[in-house]
Amino acid sequence: MLVLVLLLGAALAAAQELPAPRGLSARDNPNDAGHGILLEWKAAPETDGVVAYEIYRLPWRPAEEGAPWTPAQAPDSAWILTGTVPIPATSYVDMDDEVRLGANYNPGYIPRGGVVHYRIRAMGPGDALSAFTPPVTATAHGDWWHTQRWNVLVIALLLGVLMVYFIRRSKEGAELYIRPIPGLQRIDEAIGRATEMGRPILFVLGTGTAGDVATLAAYTILARVAERTAEYQTKLLVPVNEPVMMVMAQATVKEAYLKAGRPEVYNPDNIFYISAMQFPYVAAVNALMLREKTATNFYMGVFHAESLLLAEAGSVTGSIQISGTDRVPQIPFFVAATDYTLIGEELYAASAYLAQDPKLVGPLKAQDLVKAGILIVAILGVLEATILGSGFISNLIEPH
Amino acid sequence: MKRQVPIFLVFLCGLTMVIQFFVPHDYSDVLFQYANDFVIVIGILALPVGIYSLMKNTVNKAMRDPKERIFSALTILGFLVMIVAGLKREWFASSTSLSSNMFNYVLVPAQATLFSMLAFYIASAAYRAFRARTVLAAVLLVTAFVVMLRLIPLPEPVATWNAEFVRWILEVPNMAAKRAILIGVALGAITYSTKILLGIERAYMGTD
């Protein structure tokens, strides 16, 4: 009994000895929509034995539930725990934009322009707790400029200026070199093969949406393929997984047939919707390959787990296959299972490569130049970090 | 006019979204959500076009080829059953409803079966990819062999050496290649998007 009392006394003494955190301040969290508060305090000395901090705030309540709480009138039980952070953290961002009204309102909500009160306390080993700090107050504001995204703006503007410059140069007649891309060079050959064999061509636009850049780039290649199939009068099948994509594909193919002077060959039924679900779509496309015995398969756009399922089925039927995607995890599958693969950016370069239009080639050169710049910065960054050990370049790239 | 208006709309919407990226304010967030809701609305409005296309193709296939009739009938039957099963909210909201049972005990196993075929496809694709016909293919074969060795029990200290070497392969040369592709993709996407915004790239509209 005596031992227990002594232990309890020692624990109480330890709890009383744990000093309250010092230097607590609260301010609007920068670069947010207006529902965040940034709390900062001074690090406790190691000798204090602090292991973590508990962050408390006065809850939000809708107007019909009463006036906002103030530290002077709020009972101790009114304060709510919003988070616990272990040492060595000396800051905490409290963010909650989910407003719920009625009886089931969200007390953790931080209203834009509303005043929020905080206090914190330190936690020691066992159940040791310090006293609370005096309450601090802050108001959350929405920001009109994200200060950590200026680097993106600089690169985008630089790219824009270079694009305009190279488009001008290209229009003035300057010859801008684009390296050969085997996957694009073989398009005509692949279409010719299907024509000779008298078998259809399959064009898969992936399982992305019409809003994906890779899907939009795939339409450029579809337009080219459709133009050739119109000239050769080869059947072109385009199964799609989204109605919007189907309508876009029909418009693209129809325009290509018109351009080729063969509008009568165009059949909208060859561009059809199957399913928005990944595997039913794969099953239908694979069945299409086996039944129609397609001679050439194109896989262009966004692909996920279905990439290999499609490409292997095509390989079994002996089709010549050309693929292109910007999804890095799927690229090895396409490289292994198809004859030619457009890797990442090559898919986007297709329009410039195929059309050789100055307006399209110019931006490609600008992109290459920025890429070279990034490479130089990366090398300089590695050298700087290795030799000097400073983080100047990395801070420049990723501002804090 | 028929082409100018869509290009102008693309420019306007695209520019708004570009500006939105740099403005973290609540109003900007609301605008973003609103634009996303529009995408969903457009998708829903286009759905009848997709259903019509699916039904038309299924019926045409059945009329053209007698061997296809059973599959076409199943497609139409499945489509109608799911529509009827989901006509009322209470019919599909419960976990024991016909709609849920069809989904959980027909569609999900069918999808899992198809997905499981990936294991066999990986094996056959790997067999073709790993044939050492060129120097690069031989390097790929050796690297893959070393990486796969990590998954089998090896005696010490070979296991530790192999684990370290594999970690280096994955974190240094492999990661470098992945990041190089990603940088290219990011720049390519920005350039392509800019071309779309400026109306230079128009193939997706059915015109170039």
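This one's a predicted model, so the numbers in the text were calculated from it and none came from an experiment.

What counts, and where the lines are drawn
Residues numbered from 1 in each chain as written. Chains lettered and ligands numbered in written order. Predicted model: local features only at pLDDT ≥ 70, side-chain atom pairs only at ≥ 80, totals over all residues. Heavy atoms only, no water. Axes fitted to C-alpha atoms, helices over the stretch in contact; angles between N-to-C directions. Helix = DSSP H or I, 4+ residues; strand = E, 2+ residues; numbered from the N terminus. Left-handed = near helix turned anticlockwise from the far one by under 90°. Contact = heavy atoms within 4.5 Å. Nonpolar A, V, L, I, M, F, W, Y, C, P; charged D, E, K, R; others polar. Expected span 1.5 Å × (residues − 1). Buried < 20%, exposed > 50% of the residue type's maximum accessible area, 1.4 Å probe, protein only. Salt bridge = Lys/Arg side-chain N within 4 Å of Asp/Glu carboxyl O. Pairing = 2+ DSSP bridges. 1 Å grid on protein atoms, 1.4 Å probe; cavity = no way out; pocket = protein on both sides within 12 Å on 5 of 7 lines; lining within 4 Å. Points joined across faces, edges and corners; volume = space filled by probe spheres on them. Core = buried A, V, L, I, M, F, W, Y, C linked by side-chain atoms within 4.5 Å. Right-handed = clockwise from strand over helix to strand, strands pointing away.

Turning to the packing of helix 5 (residues 213-232) of chain A against helix 10 (residues 345-355) of chain A, a few remarks are in order. The relative placement of two packed helices is expressed as an angle between their axes plus a distance between the axes. Residues and elements named next belong to chain A. Put simply, helix 5 and helix 10 touch, their axes get as near as 8 Å, and they point 35 degrees apart. In the packing of helix 5 onto helix 10, the handedness of the crossing is left-handed. The segment helix 5 lies against helix 10, with Val213, Ala214, Ala217, Thr220, Ile221 and Arg224 engaging Leu347, Tyr348, Ala350, Ser351 and Leu354. A breakdown of the residues in the contact of helix 5 with helix 10 according to their chemical character gives eight nonpolar, two polar and one charged.

All right, on to helix 8 (residues 173-197) of chain B then. Here helix 8 of chain B is 25 residues long and its end C-alpha atoms lie 36 Å apart, about the 36 Å a rise of 1.5 Å per residue gives. Within the sequence span of helix 8 of chain B, burial applies to Gly184, Val185, Leu187, Gly188, Ala189, Thr191, Tyr192, Lys195, Ile196 and Leu197 of chain B. Those residues of helix 8 of chain B hidden inside the fold are in contact with helix 2 (150-171), helix 5, helix 10 and helix 11 (358-388) of chain A together with helix 1 (4-22) of chain B.

With that settled, the discussion passes to helix 8 (residues 306-316) of chain A. For helix 8 of chain A, the buried fraction is high: nine of the eleven residues fall into the buried class. Buried within helix 8 of chain A are the following residues: Glu306, Ser307, Leu308, Leu309, Leu310, Ala311, Glu312, Ala313 and Gly314 of chain A. The inward-facing, buried residues of helix 8 of chain A contact strand 8 (201-206), helix 7 (278-292), strand 11 (296-302), strand 12 (320-325) and helix 9 (331-337) of chain A together with helix 5 (98-129) of chain B. Immediately beyond the C-terminal end of helix 8 of chain A, within one or two residues, lies glycine 318 of chain A, with a positive phi of roughly 75 degrees.

What follows covers the pattern of salt bridges. Working definition: two side chains of opposite charge can pair if their charged atoms are close together. Residue and element names in this part refer to chain A. Going through the model one piece at a time under the given rule, you end up with 21 salt bridges over all chains. In this structure, arginine 179 and glutamate 346 form a salt bridge, with 2.9 Å as the shortest nitrogen-oxygen distance. With arginine 179 in the loop between helix 2 and helix 3 (182-185) and glutamate 346 in helix 10, the pair connects residues that are 167 residues apart, well separated along the chain. Owing to a relative accessible area of 11%, glutamate 346 belongs among the buried residues under this scheme. A salt bridge links glutamate 264 to arginine 262; the nearest nitrogen and oxygen atoms lie 4.0 Å apart. Salt bridges linked by common partners bring Asp188, Arg224, Arg228 and Glu231 together as one network.

Moving on to the sheet that holds strand 6 (residues 115-123) of chain A. Residue and element names in this part refer to chain A. A sheet is described by the order of its strands in space; here four strands give the open sequence 4-3-6-7, paired in antiparallel fashion. Looking along the sheet, the strands with just one partner apiece sit at the ends: strand 4 (80-86) and strand 7 (136-139). With direction set aside, neighbouring strand axes in the sheet form an average angle of 30 degrees. By the bridge criterion, six bridges tie strand 3 (residues 52-57) to strand 6 in an arrangement that is antiparallel. When the sheet's bridge partners are listed, tyrosine 53 is paired in strand 6 with alanine 122.

On to empty space enclosed by the protein. Taken as a whole, this structure holds two cavities of 30 Å³ or more when the rule is applied. Estimated volume of the second largest cavity: approximately 50 Å³.

What follows concerns the nonpolar core. Where a protein is soluble and globular, its nonpolar side chains tend to be buried together. Residue and element names in this part refer to chain A. Counting 68 residues, the largest nonpolar core has Phe203, Leu205, Ile221, Leu236 and Phe298 as the members making the most contacts within it. By residue number, the principal contributor to this core is helix 5, which donates ten residues. Other than its neighbours up to four places away in sequence, isoleucine 221 contacts Leu184, Ile187, Phe203, Met300, Leu342, Leu347, Ala350 and Leu354. Ranked by size, the runner-up nonpolar core spans 24 residues in total, among them Phe279, Tyr281, Val282 and Val285.

This next bit is on the pairing of strand 9 (residues 236-240) of chain A. Residue and element names in this part refer to chain A. When you tally the buried positions in strand 9, you get five out of five residues, the bulk of the element. Alternating residues of strand 9 divide into Leu236, Val238 and Val240 and Leu237 and Pro239, and every residue in both groups is buried. Pairing analysis gives two bridges linking strand 8 to strand 9, with the strands arranged parallel. When the bridges of strand 9 are listed, leucine 202 appears paired with leucine 237. Tracing the backbone out of strand 8, into helix 5 and back to the parallel element strand 9 gives a crossover that is right-handed. Where strand 9 meets strand 10 (residues 271-273), three bridges bridge the pair, whose relative direction is parallel. Considered in strand 10, the bridge of proline 239 is made with phenylalanine 272. Traced from strand 9 through helix 6 (residues 243-259) to strand 10, the parallel crossover comes out right-handed.

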